[in-house]
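Remarks on the overall topology
One-letter residues, chain by chain:
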Amino acid sequence: YAAVFLGYLEFYFTADRSITIRILCEALRTPDGAISQEEFKALFETEERIFRRRFREMTESGFLVREGDRYRPSVKGRWVGRIYDVFIRFLNLEGG
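The structure contained in this document is the topic of the report that follows. (Residues numbered from 1 in each chain as written. Predicted model: local features only at pLDDT ≥ 70, side-chain atom pairs only at ≥ 80, totals over all residues. Heavy atoms only, no water.)

**Digging into the packing of aromatic side chains**
We count it as follows: Within 6.5 Å between ring centres, the rings of Phe, Tyr and Trp (the latter by its six-membered ring) count as paired, and their orientation is classed by plane angle as stacked under 30 degrees, edge-to-face over 60, tilted in between. Our definition puts a charge over a ring when NZ of Lys or CZ of Arg is within 6 Å of the ring centre and also within 35 degrees of the ring normal.
Considering all chains together, one arrives at two aromatic pairs under this definition. Cluster of aromatic residues (ring-pair linked, three or more members): Phe40, Phe55 and Tyr71. The cationic tip of Lys76 hangs over the ring face of Phe63; the distance from NZ or CZ to the ring centre is 4.4 Å.

**Considerations on helix α5 (residues 75-90)**
For clarity, the cut-off: Strands here are runs of E lasting at least two residues and helices are runs of H or I lasting at least four, both read from the DSSP assignment and numbered beginning at the N terminus. To estimate how far a helix should reach, multiply one less than its number of residues by 1.5 Å. Throughout, exposure labels follow a simple rule: accessible area from a 1.4 Å probe, protein chains only, divided by the maximum for the residue type, with under 20% read as buried, over 50% as exposed, and the rest as partly exposed. Each direction from the helix axis to a C-beta atom contributes to the arc, which is the arc of those directions.
Compared with an ideal rise of 1.5 Å per residue, which puts 16 residues at 22 Å, α5 spans 23 Å between its outermost C-alpha atoms and is within 8% of the ideal. Considered for burial, the residues of α5 that qualify are Gly77, Val80, Gly81, Tyr84, Asp85, Phe87 and Ile88. Each buried residue of α5 sits inside an arc of 165 degrees when the element is viewed along its axis, so together they form one side. Looking at α5, the residues exposed on the side facing more than 90 degrees away from the buried face are Val75, Trp79, Arg82, Val86 and Phe90. Within two residues after α5, Asn92 carries a phi angle of roughly 55 degrees, on the positive side.

**Section: helix α4 (residues 48-60)**
Under the 1.5 Å per step criterion, the end-to-end length of α4 is 18 Å for 13 residues, consistent within 8% with the ideal 18 Å. Within α4 the residues assigned to the buried category are Phe51, Arg54, Phe55 and Met58. Mapping the buried residues of α4 onto a view down its axis gives an arc of 100 degrees, with all of them on the same face. In α4, those exposed residues whose orientation departs by more than 90 degrees from the buried face are Arg49 and Glu60. The first or second residue beyond α4 is Gly62, which carries a positive phi of 90 degrees.

**Description of the pattern of salt bridges**
To keep things clear, this is the line we draw: Any carboxyl oxygen of Asp or Glu that lies within 4 Å of a side-chain nitrogen of Lys or Arg is treated as forming a salt bridge with it.
Counted by the stated rule, this structure contains ten salt bridges. As a salt-bridge pair, Glu57 and Arg54 come within 3.5 Å of each other at their nearest N and O atoms. With a gap of three residues between them, Glu57 and Arg54 both fall in helix α4, about one helical turn apart. Between Arg72 and Glu67 there is a salt bridge, and its shortest N-O distance comes to 3.0 Å.

So far we have only geometry, and geometry alone does not tell us how the molecule works.
Okay, structure coming up:
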């Protein structure tokens, strides 16, 4: 039971606090399925250097695809983003 509980906590805090998951979910929620760094910056109070580094890392790791100044989740990014988006909505973490 302890392992299941610890697994749940890890998933919960990742869904609630991860910038990576926030970027994927916010991009998936836009009409064209993409988001710019400036649009993300306007949504969340995050230091610019942190989210710029995260966008770069997510592009390098294959979670995002850059299209001009916008970023679209890759197939891998959409899969991960949708899983967490369902979980975030279920736990009502959208405002967090």
